[in-house]
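Structural overview for review
These are the residues of each chain, in order.
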Amino acid sequence: MSEALAQPFRIGPLELPHRVVMAPMTRNRAGSGNVPQALNSEYYRQRASAALVITEATQVSEQGVGYPLTPGIHSPGQVAGWQAVTDAVHRAGGRIALQLWHVGRISHSSLQPGGALPVAPSAIAAAGEAMTFEGMKPFETPRALETDEIPGIVEQFRLGARNAMEAGFDAVEIHGGNGYLLDQFVRDGTNARSDAYGGTLANRLRLPLEVAEAVSEIWGADRVGFRISPYQRFNDMTDSAPEATFAALAGALDGIGIAWLHVVESDAPGRDTEACDARDFVAARPPLFRTLREEFGRALIVNSAYDGPRGEAVLGAGQADLVSYATLFLANPDLPKRLLGGGPLNAPARKTYYGGGAAGYTDYPFWDG
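Residues numbered from 1 in each chain as written. Predicted model: local features only at pLDDT ≥ 70, side-chain atom pairs only at ≥ 80, totals over all residues. Heavy atoms only, no water.

1. As for the overall build of the chain
When helices and strands are tallied, the chain shows 12 helices and 14 strands. Over its C-alpha trace the chain gives a radius of gyration of 19 Å, about what one expects of a compact globule, namely 21 Å for 369 residues. Principal axes of the C-alpha set define a box for the chain whose edges measure 55 × 45 × 35 Å. The buried share among the 369 residues of the chain stands at 60%. Contacts spanning at least 24 positions in sequence make up 73% of the contacts within the chain whose residues lie at least 6 apart. Entry remark: accessible area of the chain is about 13,300 Å², with carbon and sulfur atoms responsible for 53%. Distance between charge centroids for the chain: 4 Å, based on 31 positive and 41 negative side chains. (Helix = DSSP H or I, 4+ residues; strand = E, 2+ residues; numbered from the N terminus. Rg over C-alpha atoms; globule rule 2.2 N^0.38 Å. Buried < 20%, exposed > 50% of the residue type's maximum accessible area, 1.4 Å probe, protein only. Contact = heavy atoms within 4.5 Å. Areas by Shrake-Rupley, 256 points an atom, 1.4 Å probe, with all protein chains shown as cover. Lys, Arg positive; Asp, Glu negative; His and termini not counted. Charge placed at Lys NZ, Arg CZ, Asp CG, Glu CD.)

2. Comments concerning the nonpolar core
Ranked by internal contacts, the top residues of the largest apolar core, which has 83 residues, are Val 215 and Tyr 325. With 7 residues, helix H6 (residues 206-219) is the largest single contributor of residues to this core. Of all hydrophobic cores here, the second largest spans 15 residues; its members include Leu 14, Leu 16, Ala 171 and Ala 259. (Core = buried A, V, L, I, M, F, W, Y, C linked by side-chain atoms within 4.5 Å.)

3. Some details on the side chain of Asp 321
In this fold, Asp 321 is placed in the loop between helix H10 (308-316) and strand E14 (322-325). Here the side chain of Asp 321 touches Arg 293 through a polar contact of 2.7 Å, side chain to side chain. Beyond its immediate chain neighbours, meaning those up to four positions away, Asp 321 contacts Phe 9, Arg 19, Arg 293, Arg 298, Ala 299, Leu 300 and Leu 315. (Polar contact = N/O pair within 3.5 Å; in protein donor to acceptor, adjacent residues only side chain to side chain.)

4. Details of unusual backbone geometry
Across the chain, the bulk of peptide bonds are trans and the bulk of non-glycine residues have phi less than zero. Despite not being glycine, Asn 28 shows a phi value in the positive range, around 55 degrees. Take Asn 28: it is sitting in the loop between strand E3 (20-22) and helix H1 (38-46). Even without glycine at this site, Asp 267 takes up a positive phi of about 70 degrees. Note that Asp 267 resides in the loop between strand E12 (260-264) and helix H8 (278-283). Residue classification places Asp 267 among the partly exposed residues on the basis of a relative accessible area of 31%.

5. Structural notes on the packing of H6 against helix H7 (residues 242-256)
Contact geometry for H6 and H7: axes closest at 10 Å, N-to-C directions at 20 degrees. Viewed along their axes, H6 and H7 adopt a mutual orientation that is roughly parallel. Both H6 and H7 take part in a crossing whose hand is right-handed. Contacts from Leu 209, Ala 212, Glu 213 and Ser 216 in H6 reach Leu 249, Ala 252, Leu 253 and Ile 256 in H7. Grouping the constituent residues of the contact of H6 with H7 by class yields 6 nonpolar, 1 polar and 1 charged. (Axes fitted to C-alpha atoms, helices over the stretch in contact; angles between N-to-C directions. Parallel < 35°, antiparallel > 145°, perpendicular 65-115°, else oblique. Left-handed = near helix turned anticlockwise from the far one by under 90°. Nonpolar A, V, L, I, M, F, W, Y, C, P; charged D, E, K, R; others polar.)

6. So, the side chain of Thr 55
In this fold, Thr 55 is placed in strand E4 (residues 53-59). Taking the relative accessible area as the measure of exposure, Thr 55 reaches 0% and is therefore buried. A polar contact of 3.1 Å, which involves the side chain of Thr 55, links it to the backbone nitrogen of Gln 99.

7. Description of the pairing of E14
Residue alternation in E14 divides its side chains into two sets, Leu 322 and Ser 324 and Val 323 and Tyr 325, and both sets are buried. Bridge analysis of E3 against E14 gives 3 bridges, and the strand direction is parallel. Residue pairing in the sheet places Val 21 in a bridge with Ser 324 of E14. Pairing analysis gives 3 bridges linking strand E13 (residues 299-303) to E14, with the strands arranged parallel. Bridging from a neighbouring strand, Asn 303 pairs with Ser 324 of E14. (Pairing = 2+ DSSP bridges.)

8. A look at the pattern of salt bridges
According to the stated counting rule, one finds 14 salt bridges in the structure shown. Residue Arg 143 is joined to Glu 149 by a salt bridge in which the shortest nitrogen-to-oxygen separation is 2.8 Å. Among the ionic contacts, a cluster of salt bridges with common partners joins Glu 155, Arg 158 and Glu 217. (Salt bridge = Lys/Arg side-chain N within 4 Å of Asp/Glu carboxyl O.)

9. Let's talk about the packing of H1 against helix H2 (residues 76-91)
For the pair H1 and H2, interaxial distance at closest approach is 8 Å and the crossing angle is 30 degrees. Viewed along their axes, H1 and H2 adopt a mutual orientation that is roughly parallel. Crossing geometry of H1 relative to H2 is assigned as right-handed. Taking contact as the criterion, the partners of Asn 40, Ser 41, Tyr 44 and Arg 45 in H1 are, on H2, Trp 82, Ala 84, Val 85, Ala 88 and Val 89. Of the residues contributing to the contact of H1 with H2, the split by class is 6 nonpolar, 2 polar and 1 charged.

10. Topic: the packing of aromatic side chains
Here the structure, examined in full by the defined rule, presents 10 aromatic pairs. Seen in terms of ring centroids, Tyr 43 and Tyr 44 are 5.0 Å apart; in terms of plane orientation they differ by 70 degrees. Their pairing is edge-to-face. The pair formed by Tyr 43 and Tyr 44 is uniform in burial state, with each residue classed as buried. Linked through ring pairs, Tyr 43, Tyr 44, Trp 82, Phe 169 and Tyr 361 together constitute an aromatic cluster. A cation over a ring is seen here: Arg 298 above Phe 296, with NZ or CZ 5.4 Å from the ring centre. Directly above the ring of Phe 281 sits Arg 310, whose terminal nitrogen or CZ lies 4.1 Å from the centroid. (Phe/Tyr/Trp six-rings, centres within 6.5 Å; stacked < 30°, edge-to-face > 60°. Lys NZ or Arg CZ within 6 Å of the ring centre and 35° of its normal.)

11. So, the layout of surface pockets
Gaps between atoms show up when a probe of the same size as a water molecule is rolled over them. Counted as a void, the largest pocket has a volume near 1,100 Å³. Taken together, 36 residues make up the lining of the largest pocket; nearest its centre are Met 25, Asn 178, Ala 326, Thr 327 and Tyr 354. Listing elements by their share of the lining of the largest pocket, those giving two or more residues are strand E5 (96-101), E14 and helix H11 (327-331). With 3 residues, H11 is the largest single contributor of residues to the lining of the largest pocket. Residue composition of the lining of the largest pocket, grouped by class: 18 nonpolar, 12 polar and 6 charged. (1 Å grid on protein atoms, 1.4 Å probe; cavity = no way out; pocket = protein on both sides within 12 Å on 5 of 7 lines; lining within 4 Å. Points joined across faces, edges and corners; volume = space filled by probe spheres on them.)

So far we have only geometry, and geometry alone does not tell us how the molecule works.
Quick look at the structure:
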């Protein structure tokens, strides 16, 4: 039986019944026009027992699209589609936050309005391939945003935040990790600008902080979260000094007063996520993650390779407040019941992660224990 994971927690004005959070997971199952559909409502309703459901990343504009069939929050139809989702989760007794997203260079011209190139802080192509409606294609060299275009990016996030409120969400999370646009501005491997949004660390942090301030103006900072992934190499990301970079970002976000910081711990150096037991797993967390705990004074959510025992250990050590789960929640709609009650876990079917219908999405069995 779980102890630390079972404890209630308050995040901003939200009273959470336990510490098991559903992490955002792209599933590529939106309908025409990137509108959430009835199948999506059922998926989230099934998982409403999470302490907090954080939705799949949701683009704040047509320009922000990076993958086929991912939902948006910039059109009336998308707002209505998400309203059906939030209604379903609320009827089931849950709490749900929308993750706001712009992918930047991790897109393809075939997904962009008018076939335009994706935008980024600098004209640096990512290694790898983009997912398109015609299959996988090499990433293109993006177009560097002009300085006078950047306020428009902030306004895209502001509109997404306003629409999320209209759609009935309880909070929002800004996606500042995983190699997408805001992360591209933060890390020096992707930001080679020489204007007010590049060069110095303070300049590289400028856009994500402007976005956090704009979203907080809409929601109030106590209903806003921010996700980071300091060591993650996904989408060909690098930074020469991640410890200094992300400690500074955490401290600046703390100054804005947002409610939570969501830390993706994958690719952390010196950490074997497969072989070590729960205590060793927590003990091997790099010093940066403890620094983030010191720099950010409100709720800290940790993510990546956590199971029940590891979640218990990190909470018991006082190194986090909540734990988010991705693939375990994908395959176990009643994951809190299983973790808190010692139930068996369904294995996820990897081939159904992205795209398709109900199979591998809403057909995982509930535990009858």
